[in-house]
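These are the residues of each chain, in order.
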Amino acid sequence: MKIKIIAVGTRMPVWVDQAFHEYAQRMPQIAQLELHEVVAKKRGKNSDTGKILQQEAALIDAALPAGYLPIALDRQGRQLDTQTLAAKLQSWIDNSQNVALLIGGPEGIAPNYLAAINTKWSLSAMTFAHPVVRVMLAEQLYRAWSINAGLPYHRGEP
């Protein structure tokens, strides 16, 4: 199975790229993690944010491979604990289900596109900068895999 993170934004700070790739490289071949960046549309003082979100949603949708289960990251989405994520990851592996995790730009994902996605997750009730989300998500996926693999990386409650 493959996990594709489709994220709005390119040219991230070096530390974001390094941290993401550190966790992506730790993932096993059976649960490959890859990042697909889509270009964030230019924002200015008088930008039409709605139009920008629609354009970015079109780019996200174009990058979404057929047959992948789309999951949108949104602060209004369902919060999962680490154990639940580990169980979901194992289910995807067992069922050979490819997954696409969608991360919007500074304003999130266009509301109409978001409404069309059946599964929405929130990493927290807090709002995070979108570059940080890709690192947090990669780390949590690695943590979930390490739990399933019985590795000592996760030291939280079983």
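Before any of the text, the structure's been laid out above.
Residues numbered from 1 in each chain as written. Predicted model: local features only at pLDDT ≥ 70, side-chain atom pairs only at ≥ 80, totals over all residues. Heavy atoms only, no water.

Most of strand β4 (residues 99-103) sits out of view: five of its five residues are buried. Residues of β4 alternate between two faces, with Val99, Leu101 and Ile103 on one and Ala100 and Leu102 on the opposite face, all of them buried. Bridge analysis of strand β1 (residues 2-8) against β4 gives five bridges, and the strand direction is parallel. Considered in β4, the bridge of Lys4 is made with Ala100. Relative to β4, strand β3 (residues 69-79) runs parallel, the two being bridged by four bridges. Residue pairing for β4: Ile71 is matched across the bridge by Leu101. Where the polypeptide runs from β3 across helix α3 (residues 82-94) and back to β4, its parallel neighbour, the crossover connection is right-handed. (Buried < 20%, exposed > 50% of the residue type's maximum accessible area, 1.4 Å probe, protein only. Helix = DSSP H or I, 4+ residues; strand = E, 2+ residues; numbered from the N terminus. Pairing = 2+ DSSP bridges. Right-handed = clockwise from strand over helix to strand, strands pointing away.)

Moving on, we get to the nonpolar core. Counting residues in each nonpolar core, the largest one holds 28 residues, and the members touching the most others are Leu33 and Leu101. Within the residue set of this core, elements represented by two or more residues are β1, α1 (14-26), β3, α3, β4 and α5 (130-149). When residues in this core are grouped by element, the largest group, seven residues, is from α5. With residues near it in sequence (within four places) discarded, Leu101 still touches Ile3, Lys4, Ile5, Ile6, Ile71, Leu73, Trp121, Leu137 and Leu141. Ile60, Tyr68, Ile109 and Ile117 belong to the second-largest nonpolar core, a separate cluster that totals 17 residues. (Core = buried A, V, L, I, M, F, W, Y, C linked by side-chain atoms within 4.5 Å. Contact = heavy atoms within 4.5 Å.)

With that settled, consider the sheet that holds β3. Here we have five strands laid out as an open sheet, ordered β2-β1-β4-β3-β5, and parallel in their pairing. Looking at which strands have only one partner, the edges of the open sheet turn out to be β2 (32-38) and β5 (119-122). Neighbour-to-neighbour, the strand axes of this sheet turn through a mean angle of 30°, independent of strand direction. Along the sheet face, α1 touches β1 and β2 and points at about 150° away from the line of β2. Sheet strands touched by helix α2 (residues 49-63): β1, β2 and β4. Its angle to β1, the strand with the most contacts, is close to 160°. (Axes fitted to C-alpha atoms, helices over the stretch in contact; angles between N-to-C directions.)

Here we come to the pattern of salt bridges. Side chains bearing opposite charge may pair, as long as their charged atoms lie close to each other. Overall, the coordinates contain six salt bridges when judged by the stated rule. Salt-bridge contacts for Glu22 lead to Arg26; the nearest nitrogen and oxygen are separated by 2.9 Å. Remark: Arg26 and Glu22 occur in helix α1; sequence separation between them is four residues, near one turn of the helix. The partly exposed category is assigned to Glu22, whose relative accessible area is 37%. The network of salt bridges with shared partners includes Arg43, Glu56 and Glu107. (Salt bridge = Lys/Arg side-chain N within 4 Å of Asp/Glu carboxyl O.)

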